[in-house]
Amino acid sequence: MTSDTLIRLESVNKDYQMGEVTVHALRGMDLEVPEGAFTVLLGPSGCGKTTTLNLIGGLDDPTSGKVVIEGEDISSYNERQITEYRRDSVGFIFQFFNLIPTLNARENVEFALALHKNHGDVGEKALGLLEMVGLRERADHFPSQLSGGEQQRVAIARALANNSRIILCDEPTGNLDIGTGQQVLRVLHDMSRERGVTVILVTHNTAIAPMADRVVHIRNGAVEDIDINPEPSDPDELNW
Ligand SMILES: Nc1ncnc2c1ncn2[C@@H]1O[C@H](COP(=O)(O)OP(=O)(O)O)[C@@H](O)[C@H]1O
Ligand SMILES: [Mg+2]
């Protein structure tokens, strides 16, 4: 393990039982993610990307193998430890935004802030997070009054509410048109560069790969290949 490795999967297998049938979603997955890197997990539908992300985020357990975060095997955590890990260390961003429709943008972020010990004014903090994703002016808008890209940026502000060092994004632009998708990638890119957040982005869209520091190609539940980009592209230069 290199010194800056934040996340390490060791010989991870994940099986799902579907009645009589066992689905081998992950088959001996080995993966290392350095701290602060923008990592893309790329592969076709069904190859195990979401499963990998869920294991890293502590939403699910491996059938065998280890999921090591900062030297600790989180698959051995008890319920309380894994709940704390999920709450304090990771932020999730999903394809379908998952905002609370009856709360406006500011309240959606405040709701996430309320799960944590906060010093100072939660409302001001929420506005600060919305400012970071370029949406302070939209703070009073409800999700239905925001575009898809704007909703996803609120989701990013919410994911940052716990100051987590790891942001896990599952097809975050999958439901967006090119322009708004690019704005979302820009915000994630800036978070990674300016705040040193470790971003892992899952996609089947090869066009996103050039902006990553490293691209992990996944096939049949295992890592097939890793590309390291010495000069990642700016999100605005991607060719969709
Ligand atoms: N909860 C589940 N129950 C049964 N099979 C599942 C479940 N989740 C995923 N799978 C199966 O595991 C494999 C990997 O799925 P997934 O990680 O969602 O792939 P991806 O995100 O790359 O499309 C697929 O064959 C999928 O059908
Ligand atoms: Mg998936």
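Residues numbered from 1 in each chain as written. Chains lettered and ligands numbered in written order. Predicted model: local features only at pLDDT ≥ 70, side-chain atom pairs only at ≥ 80, totals over all residues.

**Q** Could you give an account of the overall build of the protein, with specific residues and numbers?
**A** The secondary structure content of the protein amounts to 6 helices and 10 strands. Along the first, second and third principal axes, the C-alpha set of the protein runs to 50 × 45 × 40 Å. The buried share of the protein, taken over its 240 residues, is 41%. Relative to all contacts within the protein whose residues are 6 or more apart in sequence, the contacts with residues 24 or more apart total 68%. (Helix = DSSP H or I, 4+ residues; strand = E, 2+ residues; numbered from the N terminus. Buried ≥ 20, exposed ≤ 12 C-beta atoms within 10 Å, placed from the backbone. Contact = placed C-beta atoms within 7 Å.)

**Q** Explain the packing of helix α3 (residues 105-113) against helix α5 (residues 148-159) to me, and be specific about the residues and the numbers.
**A** Remark: α3 packs on α5, axes separated minimally by 8 Å, with the N-to-C direction vectors making an angle of 25°. On the basis of the axis angle, α3 is roughly parallel to α5. Crossing geometry of α3 relative to α5 is assigned as right-handed. Contacts between α3 and α5 involve Ala105, Asn108, Val109 and Ala112 from the first element and Val154, Ala157 and Arg158 from the second. (Axes fitted to C-alpha atoms, helices over the stretch in contact; angles between N-to-C directions. Parallel < 35°, antiparallel > 145°, perpendicular 65-115°, else oblique. Left-handed = near helix turned anticlockwise from the far one by under 90°.)

**Q** A description of the sheet that holds strand β2 (residues 21-34) should follow, citing residues and the corresponding values.
**A** What the 4 strands build is an open sheet, ordered β2-β1-β4-β5; its pairing is antiparallel. Every interior strand has two partners, whereas the edge strands, β2 and β5 (72-73), have only one. Alignment of strand β1 (residues 5-18) against strand β4 (residues 64-69), held across 5 bridges, turns out to be antiparallel. In the strand pairing of β4, glutamate 10 is matched with lysine 66. (Pairing = 2+ DSSP bridges.)

**Q** Which residues make up the sheet that holds strand β9 (residues 214-219), and what values go with them?
**A** Sheet strands associate in pairs through backbone hydrogen bonding, adopting either a parallel or an antiparallel arrangement. The strand order β6-β7-β8-β3-β9-β10 describes an open sheet built from 6 strands, whose pairing is mixed. Edge positions in the sheet fall to β6 (90-93) and β10 (222-228), since each of these pairs with one other strand and no more. On average, each strand axis in the sheet is tilted by 20° relative to the strand beside it, whichever way the strands run. The pairing of β9 with β10 spans 6 bridges and is antiparallel. The residue bridging arginine 219 from the neighbouring strand is alanine 222, located in β10. With respect to the sheet, α5 is in contact with β6 and β7 (166-170), its orientation differing from that of β6 by roughly 170°.

**Q** I'd love a proper account of the pairing of β9, names of residues and values included.
**A** By the bridge criterion, 4 bridges tie strand β3 (residues 38-42) to β9 in an arrangement that is parallel. Across the sheet, residue leucine 41 finds its bridge partner in β9, namely valine 216. Taken together, β9 and the strand that follows it, β10, pair antiparallel across an intervening segment of 2 residues, in which asparagine 220 is found at a positive phi of about 50°.

**Q** An account of the site of ligand 1 is needed here, citing residue identities and associated values.
**A** Around ligand 1 lies a shell formed by Tyr16, Met18, Val23, Ala25, Gly43, Ser45, Gly46, Cys47, Gly48, Lys49, Thr50 and Thr51. At the level of elements, β1, β2 and α1 (49-56) are the ones that each hand at least two residues to the shell around ligand 1. Considering each element in turn, the shell around ligand 1 owes the most residues, 3 residues, to α1. Taken together, the residues that form the shell around ligand 1 break down as 5 nonpolar, 6 polar and 1 charged. (Near = placed C-beta within 6 Å. Nonpolar A, V, L, I, M, F, W, Y, C, P; charged D, E, K, R; others polar.)

**Q** Summarise the pairing of β2; cite the residues concerned and give the values.
**A** For a regular strand, side-chain orientation follows a simple rule: the groups alternate between the two sheet faces. Sheet topology places β1 next to β2; 11 bridges connect them, and they run antiparallel. By the bridge assignment for β2, valine 12 is matched with methionine 29. Two successive antiparallel strands, β1 and β2, enclose a turn made up of 2 residues, where glycine 19 displays a positive phi of approximately 65°.

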